[in-house]
Amino acid sequence: MHRLAAVAVSALLIAAPAQAEIKVGFVTALSGPAAALGIPYANGMKAAQKYKAKVGGETVTIIQLDDGSDPAAATRNARKLIEEDKVDMLIGTATAPGTIAMTTVANELGVPMIAVSPVKIEAEDPAKQWTIAVPQPPMLMAKVVADRMKRDKVHNVGYIGFSDAWGDLVYAGGKAAEARGDIKILTNERYARTDTSVTAQILRVLATKPDGVLIGGSSTQAALPLIALAERGFKGHTYGLASLINPDFVRVGGKAAEGVQVSAGPVIVSEQLPDGHFSKKLSADFRAAYKEANGSESRDGFSAYSFDAYLIFAGAAERALGKAKPGTPEFRKALRDEMLNTKELAGVHAVYNFKPGQGYGVDDRSLVIVMLKDGKWVYTP
């Protein structure tokens, strides 16, 4: 009798279909110059999984790889995740050059991807678009900063930024504001992410006698121009984009960074937002999940980008499950289609609306101006 029961149970186990598993390949910089950004991205993904471990009743498996802040490694990682690990979705990475490298692979192999770094998304043919970007586009971030410059009566602006894709994007945003007649960009000084001094560049910026200076760097290295400006007694206004919102930037910049004004997602100052703001309650939930997952408080914007990317993926995947099974080309395509059809999805950074042919899905609701005061970011409406 016991033997017959065992045989019956075995038959049931063999007949039962295997539980579907949705695989997400996540690439970030856990080492190298961009690790100060990449580690928060990783912590944000942990918080997202803690917040929503399953999608449509199916298990979500995150396969995380370190690209070492190297675009070539980001390319290799993306190929490995798709060709060997058979992931349904890519998310990454901590730098603009690495993210661009990943999008090339995603588009080539037909796998949906969510970029967590602001990059230019080429989507001339919507049918061939496989990538969207979560962060606020640099053009929008620069526009909000330029609006603040006008209020501050700052017109002549010196620019110094990274000598890579991120520096190009911020400079382009500044030039777009110049074309509107908002400001005048006086310089285009650049430095590498690995540089330890920007003295020569800052001397050239100061020679133009700017009213304000726009920083096109990120994290720790974004503090270098502010330190150099402070050492030379610069009393004008300083500005940056969301890439400055990082504890290491605050720590390294110290007093030199005080007073810098930054366009950032509302999650940065969620406790200071008015009641009823779309980001306020979800940000509280995000912070609770972050603390549970990482054992510490979140005070950066990068972990929140990972969190929002996961929310976009989860919403799209839940809808795609009704069309195909995970692990198949059909599911990847359905996931891509649903990702591009995301409507009014509230995250902690923005309310997201995507459509085919469009890489970004945010509007002015996604940004506020914050100022660094006494080592803390303060909401300055």
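This text goes with the structure placed above it.
Just so you know, these numbers come straight off a predicted model, no measurement behind them. (Residues numbered from 1 in each chain as written. Predicted model: local features only at pLDDT ≥ 70, side-chain atom pairs only at ≥ 80, totals over all residues. Heavy atoms only, no water.)

A. Layout of the pairing of strand 4 (residues 89–92). Every second residue of strand 4 is oriented toward a common face, with Met89 and Ile91 on one face and Leu90 and Gly92 on the other, all of them buried. Sheet topology note: the strand 4/strand 5 (residues 113–115) ladder contains three bridges and is parallel. Residue pairing for strand 5: Leu90 is matched across the bridge by Met113. In this region the chain leaves strand 4, passes through helix 4 (residues 96–109) and returns to the parallel neighbour strand 5; the handedness of that crossover is right-handed. (Buried < 20%, exposed > 50% of the residue type's maximum accessible area, 1.4 Å probe, protein only. Helix = DSSP H or I, 4+ residues; strand = E, 2+ residues; numbered from the N terminus. Pairing = 2+ DSSP bridges. Right-handed = clockwise from strand over helix to strand, strands pointing away.)

B. Just the pattern of salt bridges, in detail. The final tally for this structure, using the stated rule, is 22 salt bridges. Note that Lys323 is salt-bridged to Glu338, the shortest N-O span being 2.5 Å. Of this pair, Lys323 sits in the loop between helix 11 (302–320) and helix 12 (329–340) while Glu338 sits in helix 12; the two residues are 15 residues apart in sequence, bridging distant segments of the chain. Under the relative-accessibility criterion, Lys323 is labelled exposed at 56%. (Salt bridge = Lys/Arg side-chain N within 4 Å of Asp/Glu carboxyl O.)

C. Quick look at the sheet that holds strand 4. Taken in spatial order, the six strands line up as 2-3-1-4-5-6 in an open sheet, and their pairing is mixed. Bordering the open sheet on either side are strand 2 (54–55) and strand 6 (131–133), each of which pairs with just one other strand. Sheet topology places strand 1 (residues 21–28) next to strand 4; three bridges connect them, and they run parallel. Looking at strand 4, one finds that Val24 is bridged to Met89. Strands strand 1, strand 3 (58–66) and strand 4 of the sheet are contacted by helix 3 (residues 71–83), whose axis makes an angle of about 150° with strand 3. (Contact = heavy atoms within 4.5 Å. Axes fitted to C-alpha atoms, helices over the stretch in contact; angles between N-to-C directions.)

So yeah, pure geometry; function would need other evidence.
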